[in-house]
Amino acid sequence: MPCRAESAKTAAAASDPLAPQFSPDGSQIAYQAMDRGGWVSDIFLVDIATGETTRLTHLEPVDSGLWFMGPTFSPDGRTVFFTLPDNSLNEPWALWSVPVSGGEPRLVLRDAIGGRLSPDGRMIAFFK
């Protein structure tokens, strides 16, 4: 069964939205997009009150066997973390972050999948 939250105003801005994650205060949902070819795509943010959708990243599509980016918020809700395949790093996966206001993604941790921050934001749990 698909997992989704929607209101009459909310419409997905990306094809095949996946992995929705509520912000800590419940006011936003981050999700990833996967294009029709099965390529990893971008991270989007939906404001639940207005239904406004914002594209947080403008990534080059990546063809990957593991397509789950797993967006998740920092405890303060100001940053979204996600996993991204990137062969240019000489490791197949890395943990990245992007501010909820948008901007350039920042490399957080190489050779890491599925990062989640502790409630105080001081530690990251991930798979290697």
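Above this text is the structure in question.
Since the structure is predicted, the reported quantities are computational estimates derived from the model, not experimental observations.

Conventions we followed
The residue numbering used here restarts from 1 in each chain and proceeds along that chain's sequence as written. Selection of residues for local features in this predicted model requires a pLDDT of at least 70, selection of side-chain atom pairs for listing and counting requires 80 or more, and totals for whole chains, interfaces and linings are taken over all residues. By convention in this description, side-chain values take in all heavy atoms of the structure and omit both hydrogens and water. Each helix corresponds to a stretch of at least 4 residues labelled H or I by DSSP, and each strand to a stretch of at least 2 residues labelled E; elements are numbered beginning at the N terminus. Accessibility here uses a 1.4 Å probe with only protein chains present; expressed as a share of the type maximum, an area under 20% marks a residue as buried, one over 50% as exposed, and anything in between as partly exposed. Contact criterion: two residues are considered in contact whenever any of their non-hydrogen atoms come within 4.5 Å of each other. Classification of ring pairs rests on two measures: the distance between centres of Phe, Tyr or Trp rings, Trp counted by its six-membered ring, which must be within 6.5 Å, and the angle between planes, read as stacked under 30 degrees, edge-to-face over 60 and tilted in between. Pairs of strands are assigned from DSSP output, requiring at least two bridges between the strands. Residues belong to a common nonpolar core when they are buried Ala, Val, Leu, Ile, Met, Phe, Trp, Tyr or Cys residues joined through side-chain atoms within 4.5 Å.

Re the overall build of the protein
Along the backbone of the protein there are 0 helices and 11 strands. What you see in the protein, going N to C, is helices and strands ordered as β-β-β-β-β-β-β-β-β-β-β. Per-residue burial over the protein gives 37% buried out of 128 residues. Considering only residue pairs separated by 6 or more positions, the protein has 31% of its internal contacts joining residues 24 or more positions apart.

Quick word on the packing of aromatic side chains
The final tally for this structure, using the stated rule, is 1 aromatic pair. Ring plane angle 10 degrees and centroid distance 5.5 Å describe the contact between Tyr-31 and Phe-44, whose orientation is recorded as stacked. Of the two residues, Tyr-31 sits in strand β2 (residues 28-34) while Phe-44 sits in strand β3 (residues 39-47), which places them 13 residues apart along the sequence. One exposure class covers both Tyr-31 and Phe-44, and it is buried.

Some remarks on the pairing of strand β11 (residues 124-127)
Here 3 bridges tie strand β10 (residues 113-117) to β11, and the two strands are oriented antiparallel to one another. Looking at the pairing, Ile-113 lines up with Phe-127 of β11. Following β10, the chain reverses through 6 residues before pairing antiparallel with β11; Gly-121 in that reversal takes a positive phi of roughly 75 degrees.

A look at the side chain of Ser-97
For Ser-97, the location among the structural elements is in strand β8 (residues 93-99). By relative accessible area, which is 6% here, Ser-97 ends up buried.

With respect to the nonpolar core
Within the largest apolar cluster, 13 residues are counted, with the highest numbers of intra-cluster contacts made by Ile-43, Leu-56, Met-69, Val-80, Phe-82 and Leu-84. Beyond its immediate sequence surroundings of up to four residues, Phe-82 is in contact with Ile-43, Thr-57, Leu-59, Met-69, Gly-70, Pro-71, Ala-94, Leu-95, Trp-96, Ser-97, Val-98 and Pro-105.

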